[in-house]
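Below, each chain spelled out in residue letters.
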Amino acid sequence: INAEYGDGAGLAFLSHKAFVTGGDDGNKQLLQVWAVTGDKNIEQTTTLKTSNKLTTHVAATEKLVASVGEEGFLQVHLPSQARPVYSAKCEMCLNTSTFYLSHSVLVGTSAGQVHCFDTRQSGDTAPASSMSSELVSILGIAVHTTQPFIVANSRSDGSLLIWDMRNNRYPLATFAGHASAIWEVQFEKEKSDNLYTCSEDGQLLMWNGAALSGVGGLLGGGGKVSPWLTPEISHEKMDVFNLLGSDNKLSINSFDVLQGKVVCGGARQTLFCTDSCDE
């Protein structure tokens, strides 16, 4: 599937039949919901109103859409309604967002901070909690599918941070991911050992965390050892696959993964849909 939707700045699945995109067509900001109508067909169904002049990221569940932007607004929408149901304002650029637990949204800032907002509160509210490391811009944030205390951050210097939210004063691990800025990071929903990243270097990588299973880690939920809580985590200790091949050199700005399918977009107003790797 490919379609023109403006310069891509955010993209997320609502379900296997719908996804949302944020972008700019050169004249106005676009925050749109799309329906997948066939194997090779998509159509735009809803346009959502946003206070950000430039959207930097969108996140979604089956029932909600969250968007953030350069003006510091976090806004949450129902996918069928144009106006937001929740809005909050930060004093700096928000680069990324993700839903956390049942009623919160995590956002990453240009100053290297992660804020947690409780969407049950009304009005322009302050964050419920925050964490930070070095003053390096956070571009991507992801919550582990089955163990939500595991959170990954990607940064503008190409590094990837793994946090244990039960003790989040310092990141558990930091390691090199790409040669340049990592725009987004995500744990696969169905196979939570798999982590995906997309970068300015044109790569969309799948990191197979299962290769770390033999390395001593910390106990996660249910008493199982989580490979993503391994202190010695490194690029060399896992299998890494570039899903777009080596020919693509254009920045991949955003992606989402669902049921073995990956949709991604970036420069030159193009969407790509491809298969993920099983192992």
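Here, every reference points to the structure presented above.
Residues numbered from 1 in each chain as written. Predicted model: local features only at pLDDT ≥ 70, side-chain atom pairs only at ≥ 80, totals over all residues. Heavy atoms only, no water.

*Asks:* What am I meant to see in the overall build of the chain here?
*Replies:* Within the chain, the regular secondary structure consists of zero helices and 23 strands. Buried residues in the chain amount to 53% of all 279 residues. For the chain, the exposed surface amounts to about 12400 Å²; the carbon and sulfur share of it is 48%. (Helix = DSSP H or I, 4+ residues; strand = E, 2+ residues; numbered from the N terminus. Buried < 20%, exposed > 50% of the residue type's maximum accessible area, 1.4 Å probe, protein only. Areas by Shrake-Rupley, 256 points an atom, 1.4 Å probe, with all protein chains shown as cover.)

*Asks:* Mind showing me how you'd approach the nonpolar core here?
*Replies:* Looking at soluble globular proteins, one finds that nonpolar side chains tend to be buried together. If you look at the biggest cluster of nonpolar residues, it comprises 28 residues, and the most contacted ones within it are Leu106, Val151, Leu195 and Trp228. Breaking this core down by element, the ones donating at least two residues are strand 11 (113-118), strand 13 (138-143), strand 14 (150-155), strand 15 (159-164), strand 16 (173-176), strand 17 (182-187) and strand 19 (204-208). If sequence neighbours within four positions are ignored, Leu106 has contacts with Thr96, Ser97, Thr98, Tyr100, Val114, His115, Cys116, Ile141, Val143 and Val151. Ranked by size, the runner-up nonpolar core spans 13 residues in total, among them Ala59, Val68, Cys90 and Val107. (Core = buried A, V, L, I, M, F, W, Y, C linked by side-chain atoms within 4.5 Å. Contact = heavy atoms within 4.5 Å.)

*Asks:* What exactly am I supposed to notice about the layout of surface pockets here?
*Replies:* Left-over empty space is what a probe sized like a water molecule reveals as it rolls over the atoms. Estimates place the volume of the largest pocket at around 790 Å³. Lining the largest pocket are 40 residues, with Ala60, Thr61, Thr98, Phe99 and Lys189 positioned closest to its centre. Mapped onto the lining of the largest pocket, the elements with two or more residues apiece are strand 1 (7-15), strand 5 (55-60), strand 9 (94-100), strand 10 (104-109), strand 13, strand 17 and strand 21 (252-258). Its residues placed into classes, the lining of the largest pocket shows 20 nonpolar, 15 polar and five charged. (1 Å grid on protein atoms, 1.4 Å probe; cavity = no way out; pocket = protein on both sides within 12 Å on 5 of 7 lines; lining within 4 Å. Points joined across faces, edges and corners; volume = space filled by probe spheres on them. Nonpolar A, V, L, I, M, F, W, Y, C, P; charged D, E, K, R; others polar.)

*Asks:* In this structure, what is going on with the environment of His103? I would like to understand it.
*Replies:* Looking at the element boundaries, His103 is found in the loop between strand 9 and strand 10. Leave out the neighbours within four places in its chain, and His103 touches Phe117, Asp118, Thr119 and Arg120.

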